[in-house]
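One letter stands for each residue in the lines below.
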Amino acid sequence: MTQPSWFPDEAHRAGEEHLDAAYVEHYDAKARFDPESDLTVLRELGFGPKSTLVDIGAGTGTLSLAAAATCHRVIAIDVSAAMLQAAHQKAEALGLTNIEFVRAGFLTYAHQGDLVDFVYTRNALHHLPDFWKSVALGRLAMILKPGGVLRLSDIVFSCDLADVEAVIEAWLAAAPDRPEEGWTKAELEAHVREEHSTFSWLLEPMLERTGFEIISASHSESKVFAAYNCRST
Ligand SMILES: C[S@@+](CC[C@H](N)C(=O)[O-])C[C@H]1O[C@@H](n2cnc3c(N)ncnc32)[C@H](O)[C@@H]1O
C-alpha cells in the first residue's frame, strides 16, 4: 500500500543494530529475556490453548515461541528481516507450525482474518515518537477482539521532571561494562538521546485515548521500566 509522503519509514527508526544480522546473532545472549513471567501474567488474563496472539516488535521471537507452544495461533511481526529470520529458525528447530512471521511495523501491519485475543509488545514501541505511538496504539486496538488484552512493556520513565536526571544517572550507573552482558552505559545513553521512551504520565492517557482501559500497571523501582495490561474498549 502506498503511504502518504508524511508517513515515516519505520525501518529507519528501528535501531540500525536490529537490522544487522551480526548483532541479531548475539541478541538473545545479550537480552537474557525469560518469557515465563510475562506468560504467567497473560495466563492470568485468560491466555490459553484457544488463544490467538500478535507479538509486535517480536525481535528474535522469545515470547512468540513460548506462547505458540501453548496457544492456537501466534503472529510474530517485526520490521527487521534479520530478527524475523532468527525467530523463524528457532521456530523450525522447535517444530512449531502455528506461528506466522510478518515483516511489517506498528504503522504498516495489515491484519487479515479474525480479530485476535491478545496483543503483546515488549521494548519496541519506544522506537516511535509520541505522535506515532498514539497512531500505533490506535491500530493495535483495531486488531483486538472487543475486550481483548494488550500487554505493553517498555522503557518508560515514571518520574517527575525534577527527578529525571537522578533516575537516568542511577540507571546508567547500574549498566554492565561488557555489551555481551546487557546494555552498556554508552548504549543506554544513546537510547535516552536518540530513541523515544516517554513518561508514564504521557503514555497512560495515550493508552486510554487510543481505545484501551488499563487494568493493571507496574512501574519498576528504578522508575525506568513499566508494564501495562489493558483491555480494548
Ligand atoms: C529491543 S528489541 C525487542 C525484541 C523483543 N520484543 C524482546 O523483548 O526481546 C526491539 C524490536 O522492535 C523492532 N522494531 C523497531 N521498530 C519497530 C516498528 N516500528 N514496528 C515493529 N517493530 C519494530 C526491532 O526491529 C526489534 O526487533
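Scroll up for the structure.
1. Some details on the overall build of the protein chain
And then number 1: When its secondary structure is counted, the protein chain shows nine helices and seven strands.
And then number 2: Relative to the 2.2 N^0.38 estimate, which gives 17 Å for 233 residues, the radius of gyration of the protein chain is 17 Å and therefore close to what a compact globule would have.
And then number 3: Based on the C-alpha atoms only, the size of the protein chain along its principal axes is roughly 45 × 40 × 40 Å.
And then number 4: Residues counted as buried form 35% of the 233 residues belonging to the protein chain.
And then number 5: Within the protein chain, contacts between residues separated by at least 24 positions form 68% of all contacts whose residues are at least 6 apart in sequence.

2. Things to note about the packing of helix α6 (residues 130-143) against helix α9 (residues 200-209)
And then number 1: Interaxial distance between α6 and α9 falls to 9 Å at its minimum, and their mutual angle equals 30 degrees. Where α6 crosses over α9, the two elements pack in a sense that is right-handed. Where α6 approaches α9, its residues Asp130, Lys133, Ser134 and Leu137 are matched on the opposing element by Leu202, Met206 and Leu207.
And then number 2: Looking at side-chain class alone, the contact of α6 with α9 contains four nonpolar, one polar and two charged residues.

3. Here we look at the site of the ligand
And then number 1: Taken together, 21 residues form the shell around the ligand, and within it Gly57, Gly59, Ser80, Gly105 and Ala124 come nearest.
And then number 2: Split by residue class, the shell around the ligand holds ten nonpolar, eight polar and three charged.

4. Quick notes on helix α5 (residues 81-94)
And then number 1: Its 14 residues place the ends of α5 20 Å apart at the C-alpha level, agreeing with the 20 Å of an ideal helix rising 1.5 Å per residue.
And then number 2: Close packing links the buried residues of α5 with α1 (21-25), α4 (62-68), β2 (73-78) and β3 (99-103).
And then number 3: Directly beyond the C-terminal end of α5, a positive phi value near 70 degrees is found at Gly95.

5. What about the pairing of β2?
And then number 1: Burial of β2 is extensive: five of the six residues sit out of reach of the surface.
And then number 2: Here strand β1 (residues 52-56) pairs with β2 via five bridges, running parallel. Directly across from Ile56, in β2, lies its bridge partner Ile77.
And then number 3: In this fold, β1 hands off to α4, which returns the chain to β2; that crossover is right-handed.
And then number 4: In this structure, β2 lies alongside β3, joined through five bridges in parallel fashion. Bridge assignment links Ile77 to a residue of β3, and that residue is Val102.
And then number 5: In this view, the connection linking β2 to its parallel neighbour β3 by way of α5 has right-handed handedness.

6. As for the packing of helix α7 (residues 164-173) against helix α8 (residues 185-194)
And then number 1: Their axes nearest at 9 Å, the elements α7 and α8 cross at an angle of 150 degrees. It follows from the interaxial angle that α7 and α8 lie roughly antiparallel. Across the interface between the two elements, Ile168, Trp171 and Leu172 from α7 touch Lys185, Leu188, Glu189 and Val192 from α8.

About the thresholds
- Residues numbered from 1 in each chain as written.
- Predicted model: local features only at pLDDT ≥ 70, side-chain atom pairs only at ≥ 80, totals over all residues.
- Helix = DSSP H or I, 4+ residues; strand = E, 2+ residues; numbered from the N terminus.
- Rg over C-alpha atoms; globule rule 2.2 N^0.38 Å.
- Buried ≥ 20, exposed ≤ 12 C-beta atoms within 10 Å, placed from the backbone.
- Contact = placed C-beta atoms within 7 Å.
- Axes fitted to C-alpha atoms, helices over the stretch in contact; angles between N-to-C directions.
- Left-handed = near helix turned anticlockwise from the far one by under 90°.
- Nonpolar A, V, L, I, M, F, W, Y, C, P; charged D, E, K, R; others polar.
- Near = placed C-beta within 6 Å.
- Expected span 1.5 Å × (residues − 1).
- Pairing = 2+ DSSP bridges.
- Right-handed = clockwise from strand over helix to strand, strands pointing away.
- Parallel < 35°, antiparallel > 145°, perpendicular 65-115°, else oblique.

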